[in-house]
Amino acid sequence: DLQSQLEDWQDKADVEAAELQACDASFGVCQSQMRDMSQQLDDLRAAGSNCTGNLVSVSNQLVDCQRDKTLAQQALTQANRELQSCEGVSQAAPAGGRRLARI
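The following refers to the structure shown.

What counts, and at which threshold
- Residues numbered from 1 in each chain as written.
- Predicted model: local features only at pLDDT ≥ 70, side-chain atom pairs only at ≥ 80, totals over all residues.
- Heavy atoms only, no water.
- Helix = DSSP H or I, 4+ residues; strand = E, 2+ residues; numbered from the N terminus.
- Buried < 20%, exposed > 50% of the residue type's maximum accessible area, 1.4 Å probe, protein only.
- Salt bridge = Lys/Arg side-chain N within 4 Å of Asp/Glu carboxyl O.
- Patch = residues over 30% accessible without salt bridge, like charges linked within 9 Å, V, L, I, M, F, W, Y side chains within 5 Å.
- Areas by Shrake-Rupley, 256 points an atom, 1.4 Å probe, with all protein chains shown as cover.
- Lys, Arg positive; Asp, Glu negative; His and termini not counted.
- Charge placed at Lys NZ, Arg CZ, Asp CG, Glu CD.

A tally of regular secondary structure across the chain gives one helix and zero strands. Across the 103 residues that make up the chain, the buried fraction comes to 0%.

See the structure below:
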């Protein structure tokens, strides 16, 4: 009969409305998770940018350190030359002193 068919349709419509509400709730959760993931991705991009900046800074410090090491090696080489020169003068000095003593 028509009344029972109408009640069946109403029951089906109620079930579909409940399913639709559950789907809407799931979709809302999905949207929220998507926003969170998007924020995490932005945070990761920012961290990657900071990491790149730090890497460039460390690289520059390494270049400065290498330059300082080279300058220190050059200064040490020069100091060694001067020391050898002084040692040569000091070894020659006693012989010159003996010559002066004979005069």
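From this point, the narrative continues.
This part is about the pattern of salt bridges. Any two side chains of opposite charge can pair, so long as their charged atoms come close to each other. Summed over all chains, the structure comprises three salt bridges. The partner of aspartate 42 in a salt bridge is arginine 45, with the nearest N and O atoms 3.4 Å apart. Residue aspartate 42 and its partner arginine 45 are both found in helix H1 (residues 2-102); the two are separated by three residues, about one turn of the helix. Aspartate 42 sits in the partly exposed class, given a relative accessible area of 38%. In this structure arginine 45 comes out as exposed when scored by relative accessible area, which is 54%.

In this section: a negative patch on the surface. A surface patch of like charges, here negative, comprises Asp1, Glu7, Asp8, Asp11 and Asp14. Considering the arrangement of structural elements, one finds aspartate 8 in helix H1. For aspartate 8, a relative accessible area of 45% puts it in the partly exposed group.

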